[in-house]
Amino acid sequence: MLPITRREMLARVGTGLGTLGLATVLADGGLLAAERQTTSENPLAARPSHFRPRARRLIHLFMNGGPSQVDTFDPKPALEKYNGQKAPTELRTERKTGNLLMSPFKFAKHGRSGLDVSDLFPHLAKCADELCVIRSMHTNIPNHEPALLMMTSGETQPTRPSMGSWLLYGLGTDNQNLPGFVVLCPGKPVVGPQLWGNSFLPGIYQGTHINNGRIDPKNVIANVSNGQLGRAAQREQMDLLKELNEIHLARRPGDNPLEARIQSLEMAYRMQFEAQEVFDLGRETKATRELYGTGPFADACLLARRMVERGVRVVQVFTGDGQPWDDHGDIKAHADKARTVDRPAAALLADLKARGLLEDTLVLWGGEFGRTPTSEGAKGRDHNNHGFSVWLAGGGVKGGLAYGATDDVGFAAVEKKVHVHDLHATILHLMGLDHEKLTYRYGGRDFRLTDVSGTVVRDIIA
């Protein structure tokens with residue numbers, strides 16, 4: 001005899017009276033409400049936002065490993081003045097605190113706005129008037145795993161849906177033939193799939209990870225095409241499978257994994273029509289390819305533009321496998337990572353702007369935390385969660401702006417502090433969503449991306 005669920009057992013014994021009592025309890029607790037949230041005919045269909053959005057799409061350029069704020073977008077003359085000396089006040093760092101370490105990179109003001117950018121980013125410096133740099137970011141913990149989870153899901157434990165999943169749940173997607181949330185990384189960052197996971201949201205909202213180490217449109221997604229059956233035969237097969245699965249589902253209401261499997265089969269079938277085309281970078285002009293440069297990150301930035309252009313809601317691009325920006329040994333190694341991302345990121349902004357997409361595409365650049373203004377060893381920098389920088393561009397934010405500030409040596413946010421929850425609240429607001437209203441009932445309570453906090457940073461909105 002096959003095992004049955006507790007709900008099936010209650011339905012079968014005592015003439016089913018158990019389910020009547022259970023239904024009342026679950027309805028009060030909201031569990032049935034959560035089930036009802038998963039039963040729409042097309043869970044990926046585009047849905048109206050809470051109010052008029054400034055951005056329709058999000059591209060997150062993730063500098064996994066933690067870039068140093070005092071070497072990129074937050075110049076600190078005091079570090080040069082007091083180089084090699086102890087910090088004027090005690091700094092609590094994760095490992096043994098060293099002396100102050102000046103940046104080996106030079107800063108200059110760029111654009112009409114005079115935004116400070118280090119010489120690590122000569123191409124992004126030309127986009128200075130598009131960048132809104134938040135210098136006063138802070139997060140909870142100076143370890144990669146919890147900080148990565150906080151930046152992607154608003155929680156330091158792997159128990160919550162990712163921001164991309166929340167956006168897909170709240171807004172759906174404009175292209176039903178491609179995943180609404182795509183993650184590009186040549187390998188996997190630390191933590192891995194939980195960074196783009198759906199957690200308790202229906203499985204269809206999970207991000208689709210693509211290993212873009214080598215872009216081959218025929219093989220970048222395994223088994224995207226069927227070599228044995230034509231489309232008509234596949235559609236007939238899919239319809240039969242769907243009918244059988246729906247009969248199976250009708251006996252198991254609220255079976256989220258089963259629902260996700262049905263929806264994933266439909267998505268896989270539809271992807272045959274566009275997936276190979278969107279990943280075929282050979283369709284781009286020579287000039288466009290040269291604009292972005294070469295390498296996996298350059299290809300990923302170009303793919304991000306191609307995908308949002310075709311209606312994909314969220315694209316997340318990781319710098320590389322593991323945690324490449326984690327330069328404990330020598331901060332000068334940041335130069336290699338900057339060369340990887342500088343030209344492609346600048347090209348992405350320019351390309352989006354030229355195509356009229358930047359005004360309603362929000363681009364976010366940054367890592368899970370920053371780095372200390374003190375040295376680790378002789379030339380490296382430790383993790384720092386107390387103050388770091390990210391930048392936003394397009395999608396309704398003010399360009400050419402440096403918002404907030406860290407202290408004199410760049411260790412902690414002290415002016416107009418912005419927590420990760422505030423950043424998430426602001427991103428949702430720009431996408432037309434009230435972060436306090438975008439909720440999902442699970443386990444008897446309403447959850448949201450920003451947990452129980454978060455304030456929209458209205459000063460950076462154009």
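Residues numbered from 1 in each chain as written. Predicted model: local features only at pLDDT ≥ 70, side-chain atom pairs only at ≥ 80, totals over all residues. Heavy atoms only, no water.

**Student:** Let's hear about the overall build of the protein: which residues, and what values?
**Tutor:** Along the protein, the regular secondary structure elements total 14 helices and 17 strands. Per-residue burial for the protein yields a buried fraction of 54% across its 462 residues. Once local pairs closer than 6 in sequence are excluded, the contacts in the protein between residues at least 24 apart make up 78%. For the protein, the exposed area adds up to about 19900 Å²; of that, 51% sits on carbon and sulfur atoms. (Helix = DSSP H or I, 4+ residues; strand = E, 2+ residues; numbered from the N terminus. Buried < 20%, exposed > 50% of the residue type's maximum accessible area, 1.4 Å probe, protein only. Contact = heavy atoms within 4.5 Å. Areas by Shrake-Rupley, 256 points an atom, 1.4 Å probe, with all protein chains shown as cover.)

**Student:** Lay out the nonpolar core with the relevant residues and their values.
**Tutor:** Within soluble globular proteins, side chains that are nonpolar generally end up buried alongside one another. Judged by nonpolar contacts, the single largest core of 55 residues is most densely connected at I134 and L167. Ignoring anything within four residues of it in the chain, the contact list for I134 reads F388, S389, V390, L392, Y403, V418, L423 and I460. Ranked by size, the runner-up nonpolar core spans 51 residues in total, among them C127, L184, L281 and A300. (Core = buried A, V, L, I, M, F, W, Y, C linked by side-chain atoms within 4.5 Å.)

**Student:** Break down a nonpolar patch on the surface for me, with residues and values.
**Tutor:** Side chains of L240, L244 and I247 sit close together on the surface and give an oily, nonpolar patch of about 280 Å² of accessible area. With respect to the helices, strands and loops of the structure, L240 is situated in helix 8 (residues 231–250). Owing to a relative accessible area of 49%, L240 belongs among the partly exposed residues under this scheme. (Patch = residues over 30% accessible without salt bridge, like charges linked within 9 Å, V, L, I, M, F, W, Y side chains within 5 Å. Salt bridge = Lys/Arg side-chain N within 4 Å of Asp/Glu carboxyl O.)

**Student:** Mind laying out unusual backbone geometry, listing which residues take part and the relevant values?
**Tutor:** With phi around 55 degrees, K416 is a residue other than glycine that occupies positive phi space. Summarising the element assignment, K416 is placed in the loop between strand 14 (413–415) and strand 15 (418–419). Phi angles above zero are rare outside glycine, and D451 is one such case at about 55 degrees. Position of D451 among the secondary structure elements: in the segment after strand 17 (445–447). Given the relative accessible area of 22%, D451 is considered partly exposed.

**Student:** Quick one: what's the story with empty space enclosed by the protein, residue by residue and with numbers?
**Tutor:** Applying the stated rule across the entire model yields two cavities of 30 Å³ or more. Roughly 40 Å³ of internal volume is contained in the second largest cavity. Lining the second largest cavity are L58, H60, M163, G164, F181, V314 and Q316. Those elements that provide at least two residues to the lining of the second largest cavity are strand 1 (57–62), helix 7 (163–171) and strand 7 (314–318). The class makeup of the residues in the lining of the second largest cavity is four nonpolar, three polar and no charged. (1 Å grid on protein atoms, 1.4 Å probe; cavity = no way out; pocket = protein on both sides within 12 Å on 5 of 7 lines; lining within 4 Å. Points joined across faces, edges and corners; volume = space filled by probe spheres on them. Nonpolar A, V, L, I, M, F, W, Y, C, P; charged D, E, K, R; others polar.)

**Student:** Describe the pairing of strand 11 (residues 388–394), listing the residues and the values that go with them.
**Tutor:** Within strand 11, seven of the seven residues are buried, leaving the element largely enclosed by the surrounding structure. Judged from the five bridges that link them, strand 4 (residues 131–138) and strand 11 form a sheet pairing that is antiparallel. Within strand 11, the position partnered with I134 by the bridge is V390. Two elements, strand 8 (residues 361–366) and strand 11, share four bridges in a ladder whose sense is antiparallel. Paired with L362 across the bridge in strand 11 is G394. (Pairing = 2+ DSSP bridges.)

**Student:** Residue-level account of the packing of helix 6 (residues 144–153) against helix 14 (residues 420–430), with values.
**Tutor:** Contact geometry of helix 6 with helix 14 gives a least axis separation of 9 Å together with a crossing angle of 25 degrees. Here helix 6 lies roughly parallel to helix 14, going by the angle between them. Along its contact with helix 6, which presents M150, M151 and S153, the element helix 14 presents V420, H421, L423 and H424. Counted by class, the contact of helix 6 with helix 14 contains four nonpolar, three polar and no charged residues. (Axes fitted to C-alpha atoms, helices over the stretch in contact; angles between N-to-C directions. Parallel < 35°, antiparallel > 145°, perpendicular 65-115°, else oblique.)

**Student:** Could you give an account of the side chain of N175, naming the residues involved and the relevant values?
**Tutor:** Within the secondary structure layout, N175 lies in the loop between helix 7 and strand 5 (181–184). Looking at N175, its side chain comes within polar contact range of the main-chain nitrogen of N177, at 2.8 Å. At 2.7 Å, the side chain of N175 forms a polar contact with the backbone oxygen of R310. (Polar contact = N/O pair within 3.5 Å; in protein donor to acceptor, adjacent residues only side chain to side chain.)

**Student:** With reference to specific residues and values, describe the packing of helix 12 (residues 296–309) against helix 13 (residues 334–354).
**Tutor:** Packing of helix 12 against helix 13 brings their axes to within 8 Å, and their N-to-C directions diverge by 20 degrees. As judged from the angle between their axes, helix 12 and helix 13 are roughly parallel. Crossing geometry of helix 12 relative to helix 13 is assigned as right-handed. Of the residues in helix 13, those touching helix 12 at F297, A298, C301, L302, R305 and V308 are T340, V341, P344, A345, L348, D351 and L352. (Left-handed = near helix turned anticlockwise from the far one by under 90°.)

**Student:** Tell me about the pairing of strand 5, and please be specific about residues and values.
**Tutor:** Here strand 5 shows a buried face lined by F181 and V183 and a second buried face lined by V182 and L184. Bridging between strand 5 and strand 7 involves four bridges; their strand directions are parallel. Bridged to V183 within strand 7 is Q316. Two strands pair when backbone bridges link them, and strand 5 and strand 6 (residues 208–210) are joined in this way by three bridges, in the parallel orientation. Note on strand 6: the bridge partner recorded for V182 is T208.

**Student:** Account for the environment of L91, with residues named and values stated.
**Tutor:** Relative to the helices and strands, L91 is located in the loop between helix 4 (77–81) and strand 2 (107–110). Along the chain, L91 and T372 lie 281 residues apart, while their C-alpha atoms are 9.1 Å from each other.

**Student:** Explain the packing of aromatic side chains to me, and be specific about the residues and the numbers.
**Tutor:** What characterises a pair of aromatic rings is the spacing of the ring centres plus the angle enclosed by the ring planes. Using the criterion set out here, one finds 15 aromatic pairs in the structure. With a centroid separation of 4.9 Å and 45 degrees between ring planes, the pair formed by F200 and F447 is classed as tilted. Note that F200 is positioned in the loop between strand 5 and strand 6 and F447 in strand 17, a separation of 247 residues in sequence. On the basis of relative accessibility, which here comes to 8%, the residue F200 falls in the buried class. The ring centre of F447 lies 3.9 Å from the NZ or CZ of R445, which sits over that ring. (Phe/Tyr/Trp six-rings, centres within 6.5 Å; stacked < 30°, edge-to-face > 60°. Lys NZ or Arg CZ within 6 Å of the ring centre and 35° of its normal.)

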